[in-house]
Amino acid sequence: MDIREKLIFARYKAPVAIVVCGNMKLALKGKDKDLWIEDCSAATENMLIAATDLGLGSLWVGIYPVESRINAIKKILNIPDYVIPLNLVYFGYPNEEKEGRTRFDEKRVYWQSYNPERKHKTKDKPVIGHY
Ligand SMILES: Cc1cc2nc3c(=O)[nH]c(=O)nc-3n(C[C@H](O)[C@H](O)[C@H](O)COP(=O)(O)O)c2cc1C
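These notes cover the structure that comes with them. (Residues numbered from 1 in each chain as written. Predicted model: local features only at pLDDT ≥ 70, side-chain atom pairs only at ≥ 80, totals over all residues. Heavy atoms only, no water.)

### Notes on the overall build of the protein
When you go through the protein residue by residue, the secondary structure sums to 3 helices and 3 strands. Its helices and strands in sequence order give the protein the pattern α-β-α-β-α-β, from N to C terminus. Once the C-alpha set of the protein is aligned to its principal axes, its extents read approximately 45 × 45 × 25 Å. Residues classed as buried in the protein amount to 25% of the 131 residues present. For the protein, the proportion of contacts with a sequence separation of at least 24, taken over those separated by at least 6, is 68%. Accessible surface computed for the protein: about 10,400 Å², of which carbon and sulfur atoms make up 55%. A gap of 6 Å separates the mean positions of the 21 positive and 17 negative side-chain charges of the protein. (Helix = DSSP H or I, 4+ residues; strand = E, 2+ residues; numbered from the N terminus. Buried < 20%, exposed > 50% of the residue type's maximum accessible area, 1.4 Å probe, protein only. Contact = heavy atoms within 4.5 Å. Areas by Shrake-Rupley, 256 points an atom, 1.4 Å probe, with all protein chains shown as cover. Lys, Arg positive; Asp, Glu negative; His and termini not counted. Charge placed at Lys NZ, Arg CZ, Asp CG, Glu CD.)

Here you go:
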């Protein structure tokens, strides 16, 4: 598949990939115009949850706002200018089982107002990409 060849960050062996896109002709206008990102992200998360419920594995690969990734996907899939690919999600039957885990950290939760004085460790930052 072209996507796997052209995008080094997206080299996963999965039988199905869905590219979630925002169509700027259908998006809200004016100050609300970027809300398509939230709409499409929520739709993506729903797809991941539904996949898990069906016993499928899934993986979210971020495309937008990285210009080079957007252009590569657009070219491969013949996507017009007014449509922006937000992400690519792989689906397949997982070949391993992993325990569920959480990255919830109570120290990152604020009550009533944000406190910029509070320091956070960065060592547990999520690792994006396993390529
Ligand atoms: C916005 C976003 C972009 C991501 N981009 C990539 C990516 O480019 N490559 C990749 O392998 N995983 C990517 N992931 C998946 C994450 O690396 C990670 O596997 C996923 O969020 C699950 O992590 P968790 O089990 O700790 O919650 C992305 C996830 C999100 C939410």
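### Details of the packing of aromatic side chains
Throughout the structure, instances matching the rule amount to 2 aromatic pairs. On the basis of an interplanar angle of 70° and a centroid distance of 5.1 Å, the ring pair of Trp36 and Tyr64 is categorised as edge-to-face. Residue Trp36 is found in helix 2 (residues 36-53), and its partner Tyr64 is found in the loop between strand 2 (57-62) and helix 3 (67-77); the two are separated by 28 residues along the sequence. Residue class for Trp36 comes out buried when judged on its relative accessible area of 6%. The ring of Tyr82 is capped by Lys25, whose NZ or CZ atom sits 3.9 Å from the centre of that ring. The residue whose ring lies beneath Arg118 is Tyr110, and the NZ or CZ to ring-centre distance is 4.1 Å. (Phe/Tyr/Trp six-rings, centres within 6.5 Å; stacked < 30°, edge-to-face > 60°. Lys NZ or Arg CZ within 6 Å of the ring centre and 35° of its normal.)

### Description of the pattern of salt bridges
Counting across every chain of the model gives 2 salt bridges. Here Asp34 makes a salt bridge to Lys33, at a shortest N to O gap of 3.5 Å. In this structure Asp34 comes out as partly exposed when scored by relative accessible area, which is 40%. Notably, a salt bridge pairs Arg108 with Asp105, separated by 3.7 Å at the nearest N-O pair. (Salt bridge = Lys/Arg side-chain N within 4 Å of Asp/Glu carboxyl O.)

### Focus: the environment of Lys33
Within the secondary structure, Lys33 is located in the loop between strand 1 (16-23) and helix 2. Through-space distance from the C-alpha of Lys33 to that of Gly62 is 20 Å; in sequence the pair is 29 residues apart. Apart from residues no more than four positions distant in its own chain, Lys33 is found in contact with Ala27 and Leu28. Of note is the side chain of Lys33, whose polar atom sits 3.5 Å from the side chain of Asp34. (Polar contact = N/O pair within 3.5 Å; in protein donor to acceptor, adjacent residues only side chain to side chain.)

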